[in-house]
Amino acid sequence: MKFETQVLIIGGGLTGAGVLRDLSLRGVSAILVERRDINAGASGANHGLLHSGGRYIVTDPASAKECIAENAILKRVASGCIEETGGLFVSLAGDDEAYCEEFLSAAVEHGLDARPLAVEEAYELEPRLAPGVQAAITVPDASINPFAATIANLAAAEACGGRVLLHTQVTSMRREGSRITAVDCLSSRTGERVTIEAEQIISAAGPWVDRLAAMAGVKIPIAYSKGSLLITNSRLVDHVINRLRPPADGDIIVPGETVTITGTTSIRVKNLDHLTTSAAEVDLLIDSASRIIPALDSSRFIRVYAGVRPLVSSGEGGSDRGLSRSFVVFDHVRDGLRNMATITGGKLTTYRLMAQQVTDLVCGRLDHDVACRTMEVPLPGSEEAQNLDARGRLARLAAPPPQGEVLCECEMVGRLQVDELVEGLRGRGHKVDLSALRLRSRLGMGSCQGGFCGFRTLGHLYSSGVLAMSKGNEVLIRFLEKRWGGIRPVLWGDQLRQEQLLEGIYCGTLNIDGDL
Amino acid sequence: MAKKSSATEQPSPYDLLIIGTGLTGLAAARRASQAKLSVALVGTTPGSLPYTSGALDLLGVYPTATKHFRLNPWEAVADLIEESPEHPYGRVGLLGVRDAWEDFAAFLEQSPLEYYHRQDENLLLITAAGTLKPTHLVPGSMKENALAWEQRPPTLMLGFNRLVDFSPEHVVAGLGRRWSGLSAARLDAQELMGDQRRTTPANLAMAFEDPAFRGRFVAAVKPLLRGAKSLGLPALLGLVDVMTAVRDLEQQLGVPVFEVPLLSPSLPGIRLADLLKRELIAAGVRLVQGTPITSLDLSGEGPVRAVRAGQDQEEILCARRVLLATGRFFGGGLEATRRGVCEPLTGMSVTSPGSRDDWHMPTFLGAPGHPINRVGLAADQRMRLLDERGQVLDERLRVAGAILREHDWVREKSGAGISVVTGSGAVAGLQKERAPEET
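Criteria and thresholds
- Residues numbered from 1 in each chain as written.
- Chains lettered and ligands numbered in written order.
- Predicted model: local features only at pLDDT ≥ 70, side-chain atom pairs only at ≥ 80, totals over all residues.
- Heavy atoms only, no water.
- Helix = DSSP H or I, 4+ residues; strand = E, 2+ residues; numbered from the N terminus.
- Rg over C-alpha atoms; globule rule 2.2 N^0.38 Å.
- Buried < 20%, exposed > 50% of the residue type's maximum accessible area, 1.4 Å probe, protein only.
- Contact = heavy atoms within 4.5 Å.
- Areas by Shrake-Rupley, 256 points an atom, 1.4 Å probe, with all protein chains shown as cover.
- Lys, Arg positive; Asp, Glu negative; His and termini not counted.
- Charge placed at Lys NZ, Arg CZ, Asp CG, Glu CD.
- Pairing = 2+ DSSP bridges.
- Buried area = accessible area lost by both parts, 1.4 Å probe.
- Salt bridge = Lys/Arg side-chain N within 4 Å of Asp/Glu carboxyl O.
- Polar contact = N/O pair within 3.5 Å; in protein donor to acceptor, adjacent residues only side chain to side chain.
- Phe/Tyr/Trp six-rings, centres within 6.5 Å; stacked < 30°, edge-to-face > 60°.
- Lys NZ or Arg CZ within 6 Å of the ring centre and 35° of its normal.
- pLDDT = per-residue confidence, 0-100.
- Core = buried A, V, L, I, M, F, W, Y, C linked by side-chain atoms within 4.5 Å.

1. With respect to the overall build of chain B
When its secondary structure is counted, chain B shows 13 helices and 20 strands. Taken over the C-alpha trace, chain B has a radius of gyration of 23 Å; the compact-globule value for 439 residues is 22 Å, and the two agree within 12%. Over its C-alpha atoms, taken along the principal directions, chain B stretches across nearly 70 × 45 × 45 Å. Residues classed as buried in chain B amount to 60% of the 439 residues present. In chain B, of all internal contacts separated by at least 6 residues, the share reaching a separation of at least 24 is 66%. Counting every atom, chain B has about 16,800 Å² of accessible surface; 51% of that belongs to carbon and sulfur. Positive and negative side-chain charges in chain B, numbering 48 and 50 respectively, have mean positions lying 2 Å apart.

Here it is in structure tokens:
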């Protein structure tokens with residue numbers, strides 16, 4: 001299969017999706033290819049935190065300023081994906097008192113809406129805070145659902161003619177002199193070869209940008225920093241909570257719909273494709289976060305996940321926490337390549353700005369003089385400012401629209417929602433399996449981690465003729481094994497009991513592990 | 001012989017307090033009441049049987065490292081005992097295993113659930129996932145299920161609209177490649193139930209106990225059979241009495257009818273638990289469910305004093321012997337924290353693989369099985385609880401069932417066997433020590 005387009009975007013994370021939407025809004029034809037499914041890299045493995053800028057205000061003011069601006073923009077145009085939780089920075093006994101002063105004066109300098117809070121008020125807002133809070137500051141942090149954000153960006157782009165090819169991996173680039181003339185891909189879904197001829201190419205492949213650049217004969221110096229996060233099975237806080245000190249491991253706690261997410265670590269890794277989280281890393285995260293919210297120490301954790309931050313390294317030495325979290329646009333003209341650009345680094349919060357900058361660059365090369373509109377046009381589902389507080393969002397979760405039989409009891413996903421998702425996936429030519437449904441709903445996100453709902457949903461996919469009978473239990477086994485990587489590091493207490501129940505059912509009752 | 005404790009409301013201590021109402025506790029209580037011991041059986045929950053298929057495994061896979069299915073369970077048990085004497089079967093010994101299992105099988109075959117087995121052969125049960133599961137002793141309602149694979153007659157798997165727990169198409173997806181005569185169809189149960197009841201497992205199970213419903217069901221199924229010589233249905237053919245429905249359906253349809261086990265909660269497991277509990281209550285066993293034993297007082301030499309957290313107030317239960325049949329992590333017999341594993345009633349720490357990184361394998365379903373599944377309590381031949389040095393911890397404490405170490409019942413397909421055999425083994429151990437006392 002062969003496509004011609006003005007711009008090819010490589011990478012189906014939030015940045016790539018943002019670029020596709022930006023180009024589509026400007027009337028540029030574009031195709032996005034992603035080797036797996038949406039948000040397969042860091043876009044799907046982060047806190048879901050819409051930074052206010054507070055975290056970087058002292059140590060990395062450039063990043064902080066980007067966050068301050070984007071936080072305000074996204075609350076306007078992406079309100080459907082955002083819960084305006086507000087954020088608290090709290091210092092505990094032993095934390096440097098001077099940091100609080102530095103924080104507040106930097107906030108004034110850079111325009112961050114940060115206000116000191118009486119300690120009693122902090123406890124009123126967050127009763128689970130550890131005793132001994134020394135100082136507290138409120139900031140406009142929020143939580144953002146990165147899957148909803150990517151899906152909304154892709155849907156908006158598709159509505160303007162943008163095209164998305166998932167499970168399509170770039171295998172090589174044909175370079176002639178200073179241009180890439182064609183990009184060869186392979187669809188892992190159909191086994192088909194896909195060739196794309198594009199005037200311009202944008203690589204938004206997160207930590208994989210160096211591999212893609214190498215295919216074009218270009219070197220990008222990059223380091224990989226793994227960050228692990230933990231999810232509890234309940235919502236323990238209503239605000240994003242940060243430690244009021246220079247950024248360190250395990251000191252951000254974010255409420256996300258019905259759960260709490262805590263992290264992260266920062267560990268250099270070499271292998272991007274098999275990220276694991278050790279027991280020691282889990283313990284470090286829990287010990288660190290439970291200093292702020294002691295209830296985390298005895299909480300039930302349902303999952304661990306890890307993402308890789310692409311760090312564009314300036315040299316050796318120093319800690320990765322000290323490296324800027326800002327993003328980088330590589331204009332490969334300086335490498336003698338005139339039709340390719342790479343965007344990487346940055347944060348979830350700045351995805352729109354990153355997309356804007358690289359789109360500006362590419363539109364300049366295309367002599368396409370149309371201005372960016374993503375700062376003013378709302379995403380689908382965000383047309384009306386929602387501004388639902390925690391109670392409003394939880395009420396909406398608790399009273400879902402009529403959905404037919406419940407397939408996922410933990411997260412109340414119904415048959416009709418699954419049917420609608422299946423139709424959407426099929427209509428776009430995407431792969432339909434349990435993982436694809438999970439990414440687009442909350443199926444399998446709860447305590448059973450897909451053990452029960454995966455089985456039921458598979459049954460439904462067979463009953464409704466969506467899946468070919470020849471697939472047998474492959475789909476289910478692949479799904480269970482995929483979930484396993486994130487379940488395995490948190491198996492003690494109640495989550496181990498849950499695992500033992502599922503193992504009892506899948507191996508003991510169903511012999512799905514057998515080869516009969 | 002034992003010193004009487006002044007603090008107890010009981011006139012005399014029980015001979016045996018069994019903690020845990022899973023299959024282990026129930027089987028042990030049955031053996032103990034047969035041996036004329038006075039028995040109290042206390043469980044925090046209704047026990048783990050509702051989470052099982054109701055089909056009872058002895059040993060289906062050995063060695064687990066090669067996932068080797070064994071047609072003859074007794075040869076497999078003999079190999080296992082020889083190679084793994086620390087396995088619970090090794091503790092009980094081949095003869096003990098055989099006696100206890102065959103006794104239990106004979107009892108269930110005579111029961112209203114009409115269990116079925118072949119002495120020297122494992123059966124292959126068709127499951128809701130379209131897999132084959134080796135097992136040894138099946139409820140009568142699954143007899144034709146366990147025999148179907150041998151001949152593979154034209155068979156219809158029938159499901160119900162809106163019943164998400166059973167997809168007949170999923171069964172066909174699993175087995176259809178090797179069974180050309182297997183087909184799937186579905187009915188709308190709501191219409192057949194003829195009222196506003198929703199299609200839930202409980203409503204369907206109640207409906208199948210009603211002859212009028214069965215009549216309407218038969219009329220609706222007949223045109224769907226299209227030459228099928230056998231009919232598979234989700235395991236919902238009655239809450240308590242299932243064989244009446246099975247026989248009635250078979251008679252009216254003229255083909256064998258069988259149940260296919262579902263995920264939990266499972267009616268065949270509940271039926272079995274209910275049967276055993278009725279039997280025990282009739283035999284005079286005191287059965288208390290829903291309130292946990294919170295502590296054991298092992299001081300002194302007399303009866304053990306167990307505290308039961310009641311609805312309103314605590315009760316002290318005194319017993320000469322206590323059997324821990326509390327299960328593994330799921331049942332609450334073992335507790336795991338980030339720091340390690342312990343047995344909560346004795347506070348014993350349980351040896352586990354050094355780091356949590358080593359508790360589980362990188363794959364969920366791979367061989368040979370997760371190392372954490374082999375940790376547990378140690379026992380001697382009489383099922384006396386042993387401490388870390390292998391010494392009897394306390395003459396009064398016995399242990400049986402899944403809580404024991406050195407087995408992996410989910411991979412071995414040996415769960416029911418370990419429960420029944422070690423539960424019975426613990427009672428046999430008590431009888432051995434009583435015999436000389438009485439003479």
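2. What about the sheet that holds strand 4 (residues 82-83) of chain A?
Residues and elements named next belong to chain A. Taking strand neighbours across the sheet as the criterion, the three strands line up as 3-8-4 in an open arrangement whose pairing is antiparallel. Strand pairing shows two members of the sheet lacking a second neighbour, strand 3 (49-50) and strand 4, which therefore form its edges. As defined by bridge partners, strand 3 adjoins strand 8 (residues 142-144) across two bridges and the pair is classed as antiparallel. What sits directly across from Leu 49, in strand 8, is Ser 143.

3. Section: the interface of chain B and chain A
Listed as interface residues are 54 residues of chain B and, on the opposing side, 49 residues of chain A. When chain B packs against chain A, the two sides together hide about 4,700 Å² of surface, and 59% of this comes from carbon and sulfur. The largest contributions to the chain B side of the interface with chain A come from Leu 263, Arg 338 and Phe 364 of chain B, which together make up 17% of the buried area. At the boundary of chain B and chain A, one finds seven salt bridges. In this structure, Asp 287 of chain A and Arg 338 of chain B form a salt bridge, with 3.2 Å as the shortest nitrogen-oxygen distance. Counting the contacts that link chain B with chain A gives 33 residue pairs in polar contact (both at pLDDT 80 or more).

4. Remarks on the packing of aromatic side chains
All names here are of chain B. Overall, the coordinates contain twelve aromatic pairs over all chains when judged by the stated rule. When the ring of Phe 160 is compared with that of Phe 217, the centres are 6.1 Å apart and the planes differ by 40°; the resulting orientation is tilted. Of this pair, Phe 160 sits in strand 7 (residues 155-160) while Phe 217 sits in helix 9 (residues 211-225), and the two are 57 residues apart along the sequence. Considered together, Phe 160 and Phe 217 belong to a single accessibility category, that of buried residues. Members of the aromatic cluster, joined through ring pairs, are Phe 160, Phe 208, Phe 213 and Phe 217. Geometry around Phe 107 places Arg 30 over its ring, the cationic atom sitting 4.2 Å from the centre.

5. Things to note about the environment of Gly 415 of chain B
Structurally, the position occupied by Gly 415 of chain B is in helix 13 (residues 415-438). Beyond its immediate chain neighbours, meaning those up to four positions away, Gly 415 of chain B contacts Asp 57 and Trp 409 of chain B.

6. A word on the sheet that holds strand 17 (residues 349-350) of chain B
Residues and elements named next belong to chain B. Pairing is antiparallel across the open sheet formed by three strands, whose spatial order is 15-16-17. In this open sheet, the two strands that pair with only one neighbour each are strand 15 (335-337) and strand 17. Relative to strand 17, strand 16 (residues 340-342) is paired through two bridges, and the arrangement is antiparallel. Counterpart to Cys 342 in the pairing with strand 17 is Ser 349.

7. Quick look at the confidence of the model for chain B
All names here are of chain B. Mean pLDDT over chain B works out to 94, with 96% of the residues at or above the 70 mark. Under a pLDDT of 50 for its full length, residues 1-8 has, in the predicted model, twelve contacts with residues more than four places off or in other chains. Reported confidences for the modelled complex are a pTM of 0.93 and an ipTM of 0.94.

8. Focus: the environment of Val 399 of chain B
Residues and elements named next belong to chain B. Within the secondary structure, Val 399 sits in strand 20 (residues 397-399). According to the relative accessible area criterion, Val 399 is buried, its value standing at 0%. Expressed as a C-alpha distance, the spacing of Val 399 and Arg 384, which sit 15 residues apart in the sequence, is 6.3 Å. Contact partners of Val 399, with chain neighbours within four places excluded, come to Leu 323, Leu 324, Leu 377, Ala 378, Ala 379, Met 383, Leu 385 and Leu 404.

9. With respect to the nonpolar core
Counting 195 residues, the largest nonpolar core has Tyr 506 of chain A together with Leu 17, Leu 56, Tyr 89, Phe 217 and Leu 231 of chain B as the members making the most contacts within it. Beyond its immediate sequence surroundings of up to four residues, Leu 17 of chain B is in contact with Ala 40, Val 42, Ile 293, Ala 306, Leu 317, Ala 319, Arg 321, Val 322 and Leu 323 of chain B. Residues Val 33, Met 173, Trp 208 and Val 218 of chain A belong to the second largest nonpolar core, which totals 31 residues.

10. With respect to the pairing of strand 13 (residues 223-232) of chain A
All names here are of chain A. In terms of burial, strand 13 is largely enclosed, as ten of its ten residues are buried. Taking every second residue as pointing to the same face, both faces of strand 13 are buried, with Ala 223, Ser 225, Gly 227, Leu 229 and Ile 231 on one and Tyr 224, Lys 226, Ser 228, Leu 230 and Thr 232 on the other. Direction of pairing for strand 13 relative to strand 18 (residues 301-311): antiparallel, over a ladder of ten bridges. Within strand 18, the residue paired with Gly 227 across the bridge is Gly 307. Bridge analysis of strand 13 against strand 17 (residues 267-269) gives three bridges, and the strand direction is antiparallel. Looking at strand 17, one finds that Lys 226 is bridged to Ile 267. Of the pairings in the sheet, the one linking strand 13 to strand 16 (residues 259-263) comprises three bridges and is antiparallel in character.

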